[in-house]
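# Summary of structural features
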Amino acid sequence: MADQYAQSGEDNRPTEIPAIRWEEPPEGPVLVLLDQTRLPAEEVELVCTDAPALVEAIRSLAVRGAPLLGIAGAYGVALAAARGFDVDDAALALAGARPTAVNLAVGVRRAQAAYRAELAKSGDAGEAAVAALAAARALHREDAEASARMAERGLALLDELLPGGGHRILTHCNTGSLVSGGEGTAFAVALAAQRAGRLRRLWVDETRPLLQGARLTAYEAARTGMAYTLLTDNAAGSLFAAGEVDAVLIGADRIAADGSVANKVGSYPLAVLARYHHVPFIVVAPLTTVDPDTPDGASIEVEQRAGFEVTEVAVPQAPVTGAGGGVPVAPLGTQAYNPAFDVTPPELVTAIVTEEGTVSPVTAEALAELCGRARQV
Ligand code: MRU
């Protein structure tokens, strides 16, 4: 049945898309972002010269996805330091730009700690700025390494759970090189399966309201020549019922100590569907996404976003008429419920794959042990 859903496109451009980079032109250091709000229509770069510009880019989702938010936050602190702004003010604003992905605060704190430590040692703000940048670069590099290791572990798990090969994987939101220093989290596993000749199809949820699946995952899948098919979020149920999904692979924005997983809204319904249809539901995330200080799912702050993201559809090049710049699809004044994330309880998660190991079944003890082991390395 799957083959009737024809390949949506092939593109031989490089698979690595630099979502973020640090540059030092004569006018002073800048952080250059690939503006993800403009994809796939246009590949436009956004140049941030200070932390407030980066905070705005984070809020508008020009830069997004948990691991990349961590990297961006760290570079943001380095940028404030290098340009002589107040580093603690910048760190506070950056860490608070979005609440759910814990990676953001982790990245900010890491660069801030490096800055403070060097300042305390040498008393030289210039040296401290260099230390903050080194911390950001290290996080960027480590995330790329983590990505490669998660891909390897994730593929091994898929092969173990689905010994026949020919995996048909359903994914939600966007988890590729647009969110990572490397090839991503869940998407990197799909890519590894494709390279090993074991991916039959990637089912891509469009991911309403902001269409990260349609705009970004399809964009990344097309670049790799992957067999992918886009579906509306509402179509996932009938796809499971038709027996067309072998596994669900998603990323995470925060994993609580008990193994609860916050990810893009729409992930939890997929976990319920997967359980009903006896399909593995696999979460792929770096250890920077695991937050031992958040005890359980109920303690995760879920970002609530503006209602216009639901009542309007932002279509690049369409006439701008709505309050948010999009085309209205609901009567003026309609109230909207728009949580950006939902939380999947650990009992619905088959496995959590990290760069340091895979936890399955998902329990607080197993997760704590993995984090403890990783800290000792
Ligand atoms: O609101 P976004 O686009 O930042 O949400 C991103 C997601 O939910 C991703 O699935 C998550 O960050 C994991 S990416 C590795």
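Under an unreviewed UniProt entry, the name given to the protein chain is Methylthioribose-1-phosphate isomerase, and the source organism is Streptomyces justiciae. The annotation that UniProt attaches to the protein chain under Sequence similarities (unreviewed entry) is "Belongs to the EIF-2B alpha/beta/delta subunits family. MtnA subfamily." A UniProt comment under Catalytic activity (unreviewed entry) is attached to the protein chain, and it reads "5-(methylsulfanyl)-alpha-D-ribose 1-phosphate = 5-(methylsulfanyl)-D-ribulose 1-phosphate".

Here the focus is the overall build of the protein chain. For the protein chain, the helix and strand inventory stands at eleven helices and 16 strands. Rg of the C-alpha trace for the protein chain: 20 Å, near the compact-globule value of 21 Å for 377 residues, within the 12% margin. In the protein chain, which comprises 377 residues, the proportion classed as buried is 49%. Put simply, 73% of the contacts in the protein chain that link residues at least 6 apart link residues at least 24 apart.

Moving on, we come to the UniProt feature "site: Transition state stabilizer" (unreviewed entry) in the protein chain. According to UniProt, the "site: Transition state stabilizer" (unreviewed entry) feature falls on Cys173. For cysteine 173, the position within the fold is in the loop between strand S4 (167-171) and helix H6 (186-195). Setting aside residues up to four positions removed in sequence, cysteine 173 forms contacts with Thr207, Gln212, Gly213, Gly251, Asn263 and Lys264.

Before going further, it helps to examine unusual backbone geometry. Put simply, arginine 208 and proline 209 share a cis peptide bond, and its omega is 5 degrees. Positionally, proline 209 belongs in the loop between strand S5 (199-205) and helix H7 (212-224). In this structure, the amide linkage connecting serine 360 to the following residue, proline 361, adopts the cis form with an omega of 0 degrees. Mapped onto the elements, proline 361 comes out in the loop between strand S16 (358-359) and helix H11 (364-376).

Along an α-helix, a turn takes 3.6 residues, which lines up residues three or four apart on a common side. Taking 1.5 Å per residue as the helical rise, helix H2 (residues 66-82) with its 17 residues ought to reach 24 Å, and the 24 Å between its terminal C-alpha atoms agrees with that figure. The element H2 is largely enclosed, with a buried count of 17 among its 17 residues. Phi turns positive, to about 80 degrees, at glycine 84, one or two residues after H2.

Judged by nonpolar contacts, the single largest core of 114 residues is most densely connected at Val77, Ala78, Ala132, Val189 and Val248. If one sorts the elements of this core by residue count, helix H5 (residues 125-161) sits on top with 14 residues. Discounting chain neighbours no more than four positions away, the residues touching valine 189 are Met150, Ala151, Gly154, Leu155, Leu158, Leu249 and Val284.

Moving on to the UniProt feature "binding site: substrate" (unreviewed entry) in the protein chain. Residues given the UniProt feature "binding site: substrate" (unreviewed entry) here are Arg64, Gly65, Ala66, Arg98, Gln212, Asn263 and Lys264. Here glycine 65 is to be found in the loop between helix H1 (51-59) and H2. Residue glycine 65 is classed as buried on the basis of its 29 C-beta neighbours within 10 Å. When near neighbours in sequence (up to four residues on either side) are disregarded, glycine 65 contacts Asn174, Thr175, Leu178 and Val179. Relative to the helices and strands, arginine 98 is located in the loop between helix H3 (87-95) and helix H4 (102-122).

Glancing now at the sheet that holds strand S1 (residues 20-23). Ordered in space as S1-S2-S3, the three strands form an open sheet in which the pairing is antiparallel. Strands at the two margins of the open sheet, each flanked by one partner only, are S1 and strand S3 (45-48). The average undirected angle you get between the axes of adjacent strands in this sheet is 25 degrees. Both S1 and strand S2 (residues 30-34) contribute to a ladder of four bridges, which runs antiparallel. The residue bridging glutamate 23 from the neighbouring strand is valine 30, located in S2. Relative to S3, H1 is tilted by about 145 degrees, and along the sheet it contacts S2 and S3.

Within the structure, the ligand sits among 18 residues, and Arg64, Ala66, Cys173, Gly251 and Lys264 are positioned closest to it. Residue composition of the shell around the ligand, grouped by class: eight nonpolar, seven polar and three charged.

Sheet strands associate in pairs through backbone hydrogen bonding, adopting either a parallel or an antiparallel arrangement. The strand order across the open sheet built from four strands is S11-S8-S9-S14, with neighbouring strands paired in mixed fashion. Taken across any chain shown, the strands that pair with only one partner, and hence form the sheet edges, are strand S11 (290-291) and strand S14 (341-344). Judged from the four bridges that link them, strand S9 (residues 261-264) and S14 form a sheet pairing that is antiparallel. Bridge pairing in S14 links lysine 264 to phenylalanine 341.

Turning to the environment of glutamate 301, a few remarks are in order. On the secondary structure map, glutamate 301 appears in the loop between S11 and helix H10 (308-311). Sequence spacing of glutamate 301 and alanine 57 is 244 residues, and the spatial spacing of their C-alpha atoms is 20 Å. With residues near it in sequence (within four places) discarded, glutamate 301 still touches Pro99 and Thr100.

The sheet contact formed by S5 and strand S6 (residues 228-231) spans four bridges and is parallel. The residue of S6 that forms the bridge with aspartate 205 is leucine 231. Crossover handedness for the path S5 to H7 to S6: right-handed.

It is worth spelling out the packing of H2 against H4 at this point. Running from N to C, H2 and H4 cross one another at 30 degrees; their axes reach a closest spacing of 7 Å. When the interaxial angle is binned, H2 and H4 end up roughly parallel. Crossing of H2 over H4 shows right-handed handedness. Along its contact with H2, which presents Ala66, Pro67, Leu69, Gly70, Ile71, Gly73, Ala74, Val77, Ala78 and Ala81, the element H4 presents Asn103, Leu104, Val106, Gly107, Val108, Arg110, Ala111, Gln112 and Tyr115. In terms of residue class, the contact of H2 with H4 is built from 13 nonpolar, five polar and one charged.

Cut-off values and rules
- Residues numbered from 1 in each chain as written.
- Predicted model: local features only at pLDDT ≥ 70, side-chain atom pairs only at ≥ 80, totals over all residues.
- UniProt positions renumbered as here; feature names shortened; annotations may be inferred.
- Helix = DSSP H or I, 4+ residues; strand = E, 2+ residues; numbered from the N terminus.
- Rg over C-alpha atoms; globule rule 2.2 N^0.38 Å.
- Buried ≥ 20, exposed ≤ 12 C-beta atoms within 10 Å, placed from the backbone.
- Contact = placed C-beta atoms within 7 Å.
- Expected span 1.5 Å × (residues − 1).
- Core = buried A, V, L, I, M, F, W, Y, C linked by C-beta atoms within 7 Å.
- Pairing = 2+ DSSP bridges.
- Axes fitted to C-alpha atoms, helices over the stretch in contact; angles between N-to-C directions.
- Near = placed C-beta within 6 Å.
- Nonpolar A, V, L, I, M, F, W, Y, C, P; charged D, E, K, R; others polar.
- Right-handed = clockwise from strand over helix to strand, strands pointing away.
- Parallel < 35°, antiparallel > 145°, perpendicular 65-115°, else oblique.
- Left-handed = near helix turned anticlockwise from the far one by under 90°.

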